[in-house]
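Architecture and fold: a report
Listed below are the residues making up each chain.
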Amino acid sequence: MKNTTDYIVVGGGASGCALTSRLLKSNNEVSLFEAGYSHHNFLLDVPAGFFKLINDSKYMTYHKTLPQEHLGDRENIIPQGNVLGGGTSVNSQIYMRGRPQDYNEWDEILRFNNDRTSWAWDDLLPYFINIENNSRLDNQFHGKSGPLMVSDSSHIDQLTKDFINTVEELGVPYTDDFNGSSQSGVGFYQFMNRGGKRSSAAYVFISPEKNNPKLDVKLNSNIEKIIIEKNKAIGVEYRNSKGELNKKFANNEIIIAAGSFITPKLLMLSGIGNAAELKYHGIQCIADLPGVGKNLIDHPECLILAKANGPYGYYKQGVGWRMIKNGLQFLLFGTGPVNSTGVEGGAFINPTDQDAPPSIQAFFIPSIYMNFDTIGVIDDDYGMSITTVVTKPQSRGSVKLASANPKDMPKISLNLLKEEDDLKKMMDGQRFFLNAFQSGPLGKKVKEILIPDVKNLDDEKLAEHCKKFVKTNYHPSGTAKMGADTDKMSVLDALMRVRGVENLRVCDLSAVPNINSGNTAAPAMMLGFRCGDLINNALKN
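Nothing here was measured: the structure is a model prediction, and the numbers come from that model.

Conventions and cut-offs
- Residues numbered from 1 in each chain as written.
- Predicted model: local features only at pLDDT ≥ 70, side-chain atom pairs only at ≥ 80, totals over all residues.
- Heavy atoms only, no water.
- Patch = residues over 30% accessible without salt bridge, like charges linked within 9 Å, V, L, I, M, F, W, Y side chains within 5 Å.
- Areas by Shrake-Rupley, 256 points an atom, 1.4 Å probe, with all protein chains shown as cover.
- Salt bridge = Lys/Arg side-chain N within 4 Å of Asp/Glu carboxyl O.
- Helix = DSSP H or I, 4+ residues; strand = E, 2+ residues; numbered from the N terminus.
- Buried < 20%, exposed > 50% of the residue type's maximum accessible area, 1.4 Å probe, protein only.
- Pairing = 2+ DSSP bridges.
- Contact = heavy atoms within 4.5 Å.
- Axes fitted to C-alpha atoms, helices over the stretch in contact; angles between N-to-C directions.
- Polar contact = N/O pair within 3.5 Å; in protein donor to acceptor, adjacent residues only side chain to side chain.
- Parallel < 35°, antiparallel > 145°, perpendicular 65-115°, else oblique.
- Nonpolar A, V, L, I, M, F, W, Y, C, P; charged D, E, K, R; others polar.
- Disulfide = S-S within 2.5 Å.
- Left-handed = near helix turned anticlockwise from the far one by under 90°.
- Expected span 1.5 Å × (residues − 1).

**Observations regarding a nonpolar patch on the surface**
A cluster of nonpolar side chains, contributed by F42, L43, M323, I324, L328, L331, L332 and F333, occupies part of the molecular surface with about 870 Å² of accessible area. Among the secondary structure elements, those contributing two or more residues to the nonpolar patch are α2 (42-45) and α10 (320-333). Relative to the assigned elements, M323 resides in helix α10. Take M323: its relative accessible area is 41%, and that puts it in the partly exposed class.

Right, dumping it as structure tokens:
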């Protein structure tokens, strides 16, 4: 077996797959390591398979936080993709980029670095456009010739339409594009699928290269350490699918894209991180970067659940004879509820200032959202859910090593809603969207609001509700951030290079200085493409 390659990419998620594609286009040899499974599975492919997988699946790794003292010692469960394509193979497929201010903020942070490169929105928008193949939109914000299929949902439940009409009556304008000139409004989401099949990073970027002799994809392979000699990354130690320890070496660079939990863990296991913390675990410090594992950001999400007064929505559509009927309709005609991810519409609003940038994203679900916090607490029934998400949280958490053993899961503290400003924004969002269950066409179909208790909803009780049910929105970011040269907590420079170590970069959501407003799969792909261009341009120069 050949033991060298041009580039090693650690992690086959959204960023890693996109980066691999970009490197291959420049005729490089690439070894792509993914700890998880193949993405070829019917439930992964179909839009409706998302809710079948999220709570118990081999295609997920279920991280658990440390007890969160400010949440009454709750432990949050954080599922992350354990499959080629990462989150894009298991998520709800919503296509969202964020807003220009998100990226201009990055650029402002990085603009005075010695190795200056632009991260401004105007320079990143072409990446989004070139990746995208949009079924409906074709304008200055969207593309139709890229590999990523972006489509409207071909099946929309009436409850979702009622939600949108109700929120419009509450004064929020309708939008037909959350990724256009403005993110604000209420409307239908677009999704990364086409014709009833998921358009994951694995399908989009890796499947077309399956016969490329320059690509070597290693599934079920866990990287245990980056091999560094004289402050230069030269290879990786990994366990293959049989559990055997092997090494692979890179002629050029190693790029880590293992996600915001595993990327900092791997850096620390390799001697890159806070020197004192590494010493505690008996790990020799190669690069003293105290920012590794810090700056953990995630979008906090809280739910509002209501019981319906009739047989509305998707309850029981995935079991028994209804499942068989819906499955046949999908297989024979390509129509019906199987085409829905179950999250068809939503909104971006600022409940306290409608002219300000949105502070809350909302998701509407035409069923009662049963997750780790609600299973066994409430009965599943005909109903509906609205979840509210703080778009730009101020709270920051951390990822630390449990030990020097690569098999041990990292110690994670999300610190969701720890900052009072985040809690206040969440409460404002909850109060606004509770109105949607109490008015308009949607309110007419609500029998009872189950969570929170609307009979006792003063600030103290609403805060208790938010702290009791807050959960991850599955968007961990920022744990190996790019930063200013003067920022001692920055891990990467503006070219995504690990400070103090040659030939080593990070290109996943760990790299972002701050989280974008909205879902993160599309930005993760952009980061992979951007990193590929930075590498290819360096070779040219």
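**What to know about the sheet that holds strand β6 (residues 148-152)**
The sheet built from 3 strands is open, its strands ordered β5-β6-β8 with mixed pairing. Looking at which strands have only one partner, the edges of the open sheet turn out to be β5 (132-134) and β8 (190-191). Sheet topology note: the β6/β8 ladder contains 2 bridges and is antiparallel. Its bridge partner being in β8, S151 is matched across the sheet by F191. Each of β5 and β6 touches helix α5 (residues 121-131); the most contacted strand, β5, lies at about 60° to it.

**A look at the environment of R198**
With respect to the secondary-structure elements, R198 resides in strand β10 (residues 197-198). Residue R198 is classed as buried on the basis of its relative accessible area of 3%. Counting along the chain gives 245 residues from R198 to G443, while the straight-line C-alpha distance between them is 33 Å. Discounting chain neighbours no more than four positions away, the residues touching R198 are L44, D45, G87, T88, S89, V90, N91, Q93, M192, N193 and Y203. From its side chain, R198 meets the backbone oxygen of L44 in a polar contact 2.6 Å long.

**What to know about the packing of helix α11 (residues 420-434) against helix α13 (residues 459-469)**
At their nearest, the axes of α11 and α13 sit 10 Å apart, and the two run at 100° to each other. One way to sum up the angle between α11 and α13 is to call them roughly perpendicular. Side by side, α11 and α13 meet where L423, M426, M427, Q430 and R431 of the first sit next to D459, L462, A463, H465, C466 and K467 of the second. For the contact of α11 with α13, the per-class residue count stands at 6 nonpolar, 2 polar and 3 charged.

**With respect to the state of the cysteines**
In total, this model carries 0 disulfides according to the counting rule given. Just so you know, C302 is unpaired, no disulfide at all, and the nearest cysteine sulfur is the one on C466, 4.3 Å from it. No disulfide involves C507; its sulfur sits 4.6 Å from the nearest other cysteine sulfur, which is in C531.

**Digging into helix α8 (residues 259-269)**
Note that an α-helix has 3.6 residues per turn; residues three or four places apart therefore point the same way. Counting buried residues along α8, 9 of its 11 residues qualify, which places the element largely inside the surrounding structure. For α8, every residue scored as buried is listed here: S260, F261, T263, P264, K265, L266, L267, M268 and L269.

**So, unusual backbone geometry**
Following I451, the chain continues to P452 via a peptide bond in cis, the omega torsion being 0°. Relative to the elements of secondary structure, P452 occurs in the loop between β23 (446-451) and α13. Of note in this structure, N295 is not a glycine but carries a positive phi near 65°. Take N295: it is sitting in the loop between β16 (287-288) and β17 (300-308). Even without a glycine there, the phi angle at Y474 is positive, about 70°.

**As for the side chain of N133**
Tracing the sequence through the fold places N133 in strand β5. When sequence neighbours within four positions are dropped, the list of residues in contact with N133 reads G143, K144, S145, G146, L148, M149, V150 and R194.

**Some words on the packing of helix α4 (residues 100-110) against α5**
Running from amino to carboxyl end, α4 crosses α5 at an angle of 125°, the nearest separation of the two axes being 9 Å. Judged by the inter-axis angle, α4 sits oblique to α5. Of the two elements, α4 crosses α5, and the hand of that crossing is right-handed. Of the residues in α5, those in contact with P100, Y103 and N104 of α4 are W121, L124 and F128. Partitioned by chemical class, the residues of the contact of α4 with α5 number 5 nonpolar, 1 polar and no charged.

**A short note on α11**
End to end, α11 covers 21 Å across 15 residues, agreeing with the expected 21 Å (1.5 Å per residue, within 8%). Along α11, the residues classified as buried are D422, L423, M426, M427, G429, Q430, F432, F433 and L434.

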